[in-house]
Amino acid sequence: MSLPLGRAMREVFGETVTALADEDPRVVMLDGDLGVSTKGDIFQKAHPERYIQTGIAEQNMLGMAAGMASVGLLPFISTFVAFAVVRPLDQIRVLIAQPRLNVKITGGYAGLFTGRAGKTHQIVDDVAIMRAMPNMVTVAPADDEETGQVLRWAAAYDGPVYVRLVRDATQHLFGPDHRFEFGRATVVREGGDVTLMTTGSQTPRVVDAAELLAARGIRAHVLHVPTIKPLDVAAVVAAAERTDLVVTVEEHSVIGGLGGAVAEALSEHRPTRVRRLGLQDVFGQSASNEDLLDIYGLSAARVAEQVAAILAAA
Amino acid sequence: MTASLAPVPAAPDDLAGLATEPELARLTEAARRIRVETFRTVYASGVGHLGGSLSEADILAALYFGVLRIRPAEPEWPDRDRFVLSKGHASVGLYATLALRGYFLLDELPTFDSAGSRLQGHPDMTRLPGLDMSTGSLGMGISAAVGIALGLRLQGRDARTYVLVGDGECQEGEVWEAAFVAARYELDRLVAIVDHNRLQQYGWQGADHEDRLPPEAPGELVAKWAAFGWRVLDIDGHDMAAIVGALATAAEGDGRPTVIVANTVKGRGLSFAEDRYLWHTRIPNAEEYARGLVELGEPASEGEAAR
């Protein structure tokens with residue numbers, strides 16, 4: 001019943017950026033000494049001269065990326081979100097976002113899955129931070145298929161992009177006929193009892209949760225929102241109009257991420273009750289992936305249980 | 001006052017021609033004009049970092065009127081040498097330089113830092129052609145310059161990249177991240193110049209409140225850059241022959257990036273501002289303005305005197 005496991009996003013990252021470099025001599029990869037983990041090593045094997053090991057010095061790495069973009073190159077960043085977004089945040093703000101330079105901040109290891117590294121490596125507020133930054137767009141693909149499409153889109157887009165990638169294999173949701181469109185949300189399941197809005201690697205788990213809810217007689221409408229900024233306000237409003245209750249679900253803090261973006265949009269355009277599932281203003285911890293999803297209420301079973309409880313209380 | 005500032009034809013790999021008496025006189029005059037226009041702009045707009053803009057003026061003159069291969073009429077020329085003002089707060093000195101070099105008219109300088117101006121408080125490459133990077137948060141410009149130098153090398157261009165760093169700025173850890181990587185990649189077409197004026201915005205108090213201690217012991221900055229694998233040239237940053245000589249040496253690649261530690265005086269050229277930390281951002285009053293113009297060899301015009 002649950003969706004099958006797909007390929008790890010990091011594998012798709014390494015392969016897709018390598019393929020992009022095959023076609024486009026402008027593509028370079030800057031790695032903050034995590035090529036084994038991010039699968040930047042795939043790129044290095046194919047294009048050693050365009051793979052730049054910058055050492056464990058991420059502020060300089062993002063600054064170098066800005067410089068390389070300024071002469072017409074197309075840099076992709078290879079490191080964890082913790083070190084691609086948060087540590088070099090001021091470099092992103094001043095050298096990349098303000099001059100709108102063509103840097104692709106492709107951070108792996110977003111959210112909770114960091115190979116048990118724990119809270120120092122788990123980033124659960126990156127969407128909130130990057131979404132608030134002018135000139136920056138934020139995209140979180142759901143699975144292997146969409147990751148490849150998003151990376152290809154990012155290469156073609158002229159300007160700074162943050163692509164939120166996770167470490168481990170996500171469930172395979174989309175077939176090759178899927179078409180990621182920048183700024184567009186996708187209805188992945190029709191229903192009339194409750195509207196679930198989700199993003200990134202949480203989407204397949206929400207699709208499974210909808211199946212569990214169906215077994216309980218609850219028909220969930222599921223909207224996948226890969227582009228968190230700019231938000232597809234029309235699709236969010238249309239999905240909200242299907243039911244009286246919207247529940248957002250994300251592997252991220254409930255503050256400022258998809259839940260925040262949806263609440264902002266609906267309060268302006270169609271006041272609707274919104275409940276936000278995700279990390280409730282807490283940091284993560286070391287644990288197995290299964291345990292993390294259970295602890296923070298993000299497994300399909302825990303999402304279904306919480307949505308059913310919200311509906312029962314309504 | 002009427003000496004031509006027009007630069008000699010670009011001599012990319014032989015800068016020795018700049019070491020002649022007439023050329024040094026021309027560059028010295030360019031530096032004087034940069035100081036005058038910087039001073040005028042700060043007075044007219046009532047804002048700006050005067051002290052650091054005056055300490056860097058001779059270096060900017062040597063670069064923009066002698067060394068850099070640039071085309072002011074074609075600021076996006078892909079093979080141009082790049083210049084990054086990592087100490088972005090000293091923007092007014094750069095704007096004066098760019099105006100004198102023909103990137104825009106001198107008339108635009110008084111718009112500095114006011115609404116709608118292309119001359120933002122800190123350099124904004126999205127607004128003003130001729131700026132190779134937006135800077136302002138210290139420590140970052142040198143990282144961008146390392147990326148530019150490496151990017152140009154990947155593209156097979158033989159352009160050079162110059163970056164001007166403050167000595168206070170060298171307290172930022174990012175400067176040393178950049179220094180490490182530049183040496184690691186043997187970026188010998190990258191030249192950093194440290195404007196070593198030994199004062200910063202507030203600094204460390206010495207004997208009394210007016211007195212500031214230098215941030216480092218003598219020779220410490222040179223030793224640090226050398227330890228990071230850079231070729232270090234330690235010069236008097238107001239001696240035009242020394243500046244030109246160091247830039248010529250830097251242009252001879254030896255497999256290392258080069259840093260020129262230019263020992264300078266903050267507020268250089270104004271007796272009342274020299275070596276005084278408060279002139280980091282102080283604005284001259286009318287009396288100081290008239291006196292300063294005289295000291296810079298440019299008595300105020302009637303219009304200026306009446307202001």
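In the block above lies the structure referred to throughout.
Values in this document were obtained by computation on a predicted structure and should not be read as measured data. (Residues numbered from 1 in each chain as written. Chains lettered and ligands numbered in written order. Predicted model: local features only at pLDDT ≥ 70, side-chain atom pairs only at ≥ 80, totals over all residues.)

Engineer: How would you sum up helix α10 (residues 233-240) of chain A? Please name residues and give values.
Structural biologist: All names here are of chain A. Residues Val 236, Ala 239 and Ala 240 constitute the buried set of α10. Buried residues in α10, looked at end-on, bunch into an arc of 100 degrees, giving them a common side. Here the buried face of α10 lies against β9 (186-189), β10 (194-198), β11 (220-224), β13 (245-253) and α11 (258-269). (Buried ≥ 20, exposed ≤ 12 C-beta atoms within 10 Å, placed from the backbone. Helix = DSSP H or I, 4+ residues; strand = E, 2+ residues; numbered from the N terminus. Arc of directions from axis to C-beta. Contact = placed C-beta atoms within 7 Å.)

Engineer: Kindly report on the sheet that holds strand β7 (residues 161-164) of chain A, identifying the contributing residues and their values.
Structural biologist: Residues and elements named next belong to chain A. A sheet is described by the order of its strands in space; here seven strands give the open sequence β3-β2-β4-β5-β7-β6-β12, paired in mixed fashion. Pairing within the sheet leaves two strands with one partner each, and these edge strands are β3 (51-53) and β12 (227-229). Across the sheet, the mean angle from the axis of one strand to that of its neighbour is 20 degrees, orientation sign disregarded. Pairing of strand β2 (residues 27-31) with β3, which is carried by three bridges, proceeds in the parallel orientation. When the bridges of β3 are listed, Met 29 appears paired with Tyr 51. Across the sheet, helix α1 (residues 9-23) is in contact with β2, β4 (74-80) and β5 (104-108); its angle to β2 comes to roughly 140 degrees. (Pairing = 2+ DSSP bridges. Axes fitted to C-alpha atoms, helices over the stretch in contact; angles between N-to-C directions.)

Engineer: Describe the pairing of strand β14 (residues 273-279) of chain A, listing the residues and the values that go with them.
Structural biologist: Residue and element names in this part refer to chain A. Here β14 lies mainly inside the structure; five of its seven residues are buried. Relative to β14, β13 runs parallel, the two sharing six bridges. Residue pairing across strands places Val 249 opposite Leu 277, the latter belonging to β14.

Engineer: Residues and numbers for unusual backbone geometry, please.
Structural biologist: Residues and elements named next belong to chain A. Residue Pro 230 is reached from Lys 229 by a cis peptide bond, and omega for that bond is 0 degrees. Mapping Pro 230 onto the fold places it in the loop between β12 and α10. Positioned with a positive phi, Arg 100 is a non-glycine residue whose angle comes to about 55 degrees. The residue Arg 100 is located in the loop between α6 (89-97) and β5 in this model. We note that Arg 116 has phi near 65 degrees; this positive angle belongs to a residue other than glycine. For Arg 116, a count of 13 C-beta atoms within 10 Å translates into the label partly exposed.

Engineer: Please provide a residue-by-residue account of the environment of Glu56(B), values included.
Structural biologist: All names here are of chain B. Topologically, Glu 56 is positioned in the loop between α2 (50-55) and α3 (57-67). Classification of Glu 56 by C-beta neighbours within 10 Å gives buried; the count is 30. Residues Glu 56 and Ala 178 lie 122 residues apart in sequence; the distance between their C-alpha atoms is 22 Å. The residues contacting Glu 56, other than those within four sequence positions of it, are Ala 90, Gly 93, Leu 164 and Asp 195.

Engineer: Quick one: what's the story with the packing of helix α4 (residues 58-70) of chain A against helix α6 (residues 173-184) of chain B, residue by residue and with numbers?
Structural biologist: α6(B) packs onto α4(A) with a crossing angle of 70 degrees between their chain directions and a minimal axis gap of 8 Å. On the basis of the axis angle, α4(A) is roughly perpendicular to α6(B). Crossing handedness for the pair α4(A) and α6(B): right-handed. For the pair formed by α4(A) and α6(B), the contact residues are Gln59(A), Asn60(A) and Gly63(A) on the first element and Glu174(B), Glu177(B), Ala178(B) and Val181(B) on the second. (Parallel < 35°, antiparallel > 145°, perpendicular 65-115°, else oblique. Left-handed = near helix turned anticlockwise from the far one by under 90°.)

Engineer: Tell me about the interface of chain B and chain A, and name the residues and values.
Structural biologist: Taken residue by residue, the interface counts 24 residues in chain B and 24 residues in chain A. Among the elements of the structure, α5 (140-154) and α6 of chain B are those that each provide at least two residues to the side of chain B that touches chain A. Broken down by element, the residue count for the side of chain B that touches chain A peaks at 11 residues, all from α5(B). A class-by-class count of the residues in the side of chain B that touches chain A yields 13 nonpolar, eight polar and three charged. (Nonpolar A, V, L, I, M, F, W, Y, C, P; charged D, E, K, R; others polar.)

Engineer: Kindly report on the sheet that holds β9(A), identifying the contributing residues and their values.
Structural biologist: All names here are of chain A. Reading across the sheet, the five strands line up as β9-β11-β10-β13-β14 and stay open at both edges, with mixed pairing between neighbours. The outermost strands of the open sheet, each flanked by one partner alone, are β9 and β14. Between one strand and the next, the sheet's axes are offset by a mean angle of 25 degrees, whatever the strand orientation. In this sheet, β13 lies alongside β10 in parallel orientation, the contact comprising four bridges. When the sheet's bridge partners are listed, Leu 196 is paired in β13 with Val 247. Sheet strands in contact with helix α9 (residues 202-215) are β9, β10, β11 and β13, and its direction is about 170 degrees off that of β11. Sheet contacts for α11: β10, β13 and β14; angle to β13, the most-contacted strand, approximately 145 degrees.

Engineer: Report on the pairing of β4(A), specifying residues and quantitative values.
Structural biologist: All names here are of chain A. Most of β4 sits out of view: seven of its seven residues are buried. Summarising the sheet, β2 and β4 pair through five bridges and their orientation is parallel. Directly across from Val 27, in β4, lies its bridge partner Leu 74. Relative to β5, β4 runs parallel, the two sharing three bridges. Residue pairing across strands places Phe 80 opposite Gly 108, the latter belonging to β5.

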